[in-house]
Amino acid sequence: MDLFANFPLWAALSAIVFAQVIKIPIRLIATREFKPGLAFSTGGMPSSHSAAVAALTTGVGIVEGTDSVMFAVSAVFSVIIMFDASGVRRQAGEQAIMINQLVKDFQYFMEGAREWNRKEEYQKRKELKELLGHQPIEVFFGGLSGIAITFFLFQFY
């Protein structure tokens, strides 16, 4: 199959771009914060991981059929990715929140004892990234958007 004619691939890539870009207006509407950097970050609504794998699986189902081996492989792959996005990665983000709080508390304690502020910047620890995974609703809407985008794009295929 020619790379440029690979519909499932282009559907998945389109779903990733859509899910990442749509995070900006969703955040703007929800919190009145304009954060263009969300287009290049992990986490948030909707899940681009879920959108990508749902679009890929839907595209494979359309092109190869839902009774094909490729659809079965893609569907299982999608379930694993979505489970991971809402499970393991989310827990890692919650642990990062707790670790960052512990570091802040420790730094506050150390300020009085050792003049923390006089230390060079490289000696201070960088915070861990807290927004790693997704809430189940973010995974759901990511998957839903991936499926919808795939059916929309198939009209032009």
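Relevant structure appears above.
This is a predicted model, so every value here is computed, not measured.

## A look at the overall build of the chain
- Of regular secondary structure, the chain possesses five helices and zero strands.
- When the helices and strands of the chain are placed in sequence order, the string is α-α-α-α-α.
- Looking at the chain alone, contacts between residues at least 24 apart form 73% of all its contacts between residues at least 6 apart.

## Some remarks on the packing of helix α2 (residues 48-64) against helix α3 (residues 69-86)
- Relative orientation of the contacting elements α2 and α3 amounts to 170°, with a least axis distance of 9 Å. Here α2 is positioned roughly antiparallel relative to α3, judged by the angle of their axes. Residues His49, Ser50, Val53, Ala54, Leu56, Thr57, Val60, Gly61 and Glu64 of α2 lie in contact with α3, whose contacting residues are Met70, Phe71, Ser74, Ala75, Phe77, Ser78, Ile81 and Met82.
- By residue class, the composition of the contact of α2 with α3 is ten nonpolar, six polar and one charged.

## Brief notes about the pattern of salt bridges
- Within this structure, the stated rule accounts for two salt bridges.
- Here Glu33 makes a salt bridge to Arg27, at a shortest N to O gap of 3.3 Å.
- Here Glu33 and Lys35 are joined by a salt bridge, their closest N and O atoms 4.0 Å apart.
- Taking relative accessible area as the criterion, Glu33 reaches 32% and is therefore assigned partly exposed.

## What to know about a nonpolar patch on the surface
- A cluster of nonpolar side chains, Leu3, Phe4, Trp10, Leu13 and Ile16, forms an exposed patch at the surface whose accessible area comes to about 490 Å².
- Tracing the backbone shows Leu3 in the segment before α1 (7-31).
- In this structure Leu3 comes out as partly exposed when scored by relative accessible area, which is 47%.

## Describing the packing of α1 against helix α5 (residues 136-154)
- The contact between α1 and α5 brings their axes to 9 Å, and the two run at 130°. Relative to α5, the element α1 is oriented oblique. Seen from above, α1 lies across α5 with right-handed handedness. Touching Phe7, Trp10, Ala11, Ser14, Ala15 and Phe18 of α1 are Ser145, Gly146, Ile149, Thr150, Leu153 and Phe154, all from α5.
- Broken down by class, the residue content of the contact of α1 with α5 amounts to eight nonpolar, four polar and no charged.

## Section: the environment of Thr42
- For Thr42, the position within the fold is in the loop between α1 and α2.
- Judged by its relative accessible area of 27%, Thr42 is partly exposed.
- C-alpha of Thr42 to C-alpha of Gln20: the two residues are 22 residues apart in sequence and 8.7 Å apart in space.

## Notes on α2
- Here α2 is 17 residues long and its end C-alpha atoms lie 23 Å apart, about the 24 Å a rise of 1.5 Å per residue gives.
- Buried within α2 are the following residues: Ser48, Ser50, Ala51, Ala52, Val53, Ala54, Ala55, Thr57, Thr58, Gly59, Val60 and Gly61.
- In this fold, the buried residues of α2 make contact with α1, α3 and α5.
- At the N-terminal end of α2, a side-chain oxygen is found 3.4 Å from the backbone nitrogen of His49, two or three residues along, and the residue is Ser47.
- Phi for Gly65, located one or two positions after α2, is positive at around 100°.

## Digging into the nonpolar core
- Phe7, Ala11, Ala15, Ala19, Ala51, Ala55 and Ile149 together form the largest nonpolar core, which totals seven residues.
- Broken down by secondary-structure element, the contributors of at least two residues to this core are α1 and α2.
- In contact with Ala55, not counting residues within four places along its chain, are Ala11, Ala12, Ala15, Gly146, Ile147 and Thr150.

Reading the values: rules and limits
Residues numbered from 1 in each chain as written. Predicted model: local features only at pLDDT ≥ 70, side-chain atom pairs only at ≥ 80, totals over all residues. Heavy atoms only, no water. Helix = DSSP H or I, 4+ residues; strand = E, 2+ residues; numbered from the N terminus. Contact = heavy atoms within 4.5 Å. Axes fitted to C-alpha atoms, helices over the stretch in contact; angles between N-to-C directions. Parallel < 35°, antiparallel > 145°, perpendicular 65-115°, else oblique. Nonpolar A, V, L, I, M, F, W, Y, C, P; charged D, E, K, R; others polar. Salt bridge = Lys/Arg side-chain N within 4 Å of Asp/Glu carboxyl O. Buried < 20%, exposed > 50% of the residue type's maximum accessible area, 1.4 Å probe, protein only. Patch = residues over 30% accessible without salt bridge, like charges linked within 9 Å, V, L, I, M, F, W, Y side chains within 5 Å. Areas by Shrake-Rupley, 256 points an atom, 1.4 Å probe, with all protein chains shown as cover. Left-handed = near helix turned anticlockwise from the far one by under 90°. Expected span 1.5 Å × (residues − 1). Polar contact = N/O pair within 3.5 Å; in protein donor to acceptor, adjacent residues only side chain to side chain. Core = buried A, V, L, I, M, F, W, Y, C linked by side-chain atoms within 4.5 Å.

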